[in-house]
Amino acid sequence: MDQCLTKGYGPVLVVGDGDFSFSLCLFHRLLSRHTKDTAPPQLIATCLQTGSGLNVYANLKENASQLQKLGAEVVFGVDATCLTSNEIIGSRKFSKVIFNFPHAGGKNNMKKNRTLLKDFFIR
């Protein structure tokens, strides 16, 4: 799994990373594999939350700040089912797109989760 995520170069997009903990871990790993002969890693970490929703996860703001200090880009308010219409992400190309834990919210809501995945892959 490690090779799958860290091998190769080009921008990596992480969508739906609620508190940015996965993105932070991944970016640390990408940075550890960076050499003077390779371009620095590029990572864009996104979450759906904005405004008061940023308080849902205790470590969200700290993780986002660490990512930015390390050189990653952090984007809030990104709907994973409408990536092409997002003005920051829509026109960019990525070598990898990672949706680590797709979840529509709520407990035992399989229908919403299926719709989320369908919309992510089809749109």
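Residues numbered from 1 in each chain as written. Predicted model: local features only at pLDDT ≥ 70, side-chain atom pairs only at ≥ 80, totals over all residues. Heavy atoms only, no water.

## A word on the environment of Glu 73
Point 1. Its location among the elements puts Glu 73 in strand β3 (residues 73-75).
Point 2. Between the C-alpha atom of Glu 73 and that of Ile 44, which follows or precedes it by 29 residues, the distance is 4.6 Å.
Point 3. Non-local contacts of Glu 73, meaning those with residues more than four positions away in its chain, are made with Leu 43, Ile 44, Ala 45, Ile 88 and Arg 92.
Point 4. There is a polar contact of 3.1 Å between the side chain of Glu 73 and the side chain of Arg 92. (Helix = DSSP H or I, 4+ residues; strand = E, 2+ residues; numbered from the N terminus. Contact = heavy atoms within 4.5 Å. Polar contact = N/O pair within 3.5 Å; in protein donor to acceptor, adjacent residues only side chain to side chain.)

## Here we look at a nonpolar patch on the surface
Point 1. Together, Leu 117, Phe 121 and Ile 122 give the surface a local cluster of nonpolar side chains, amounting to about 350 Å² of exposed area.
Point 2. Among the secondary structure elements, Leu 117 is positioned in helix α4 (residues 110-122). (Patch = residues over 30% accessible without salt bridge, like charges linked within 9 Å, V, L, I, M, F, W, Y side chains within 5 Å. Areas by Shrake-Rupley, 256 points an atom, 1.4 Å probe, with all protein chains shown as cover. Salt bridge = Lys/Arg side-chain N within 4 Å of Asp/Glu carboxyl O.)

## Quick notes on the pattern of salt bridges
Point 1. Here the structure, examined in full by the defined rule, presents 1 salt bridge.
Point 2. The residue Arg 92 makes a salt bridge to Glu 73 at a minimum N-O spacing of 3.1 Å. Taken as a pair, Arg 92 in the loop between β3 and β4 (96-98) and Glu 73 in strand β3 lie far apart in primary sequence, 19 residues in all.
Point 3. Relative accessible area serves as the criterion here: at 36%, Arg 92 is assigned to the partly exposed category. (Buried < 20%, exposed > 50% of the residue type's maximum accessible area, 1.4 Å probe, protein only.)

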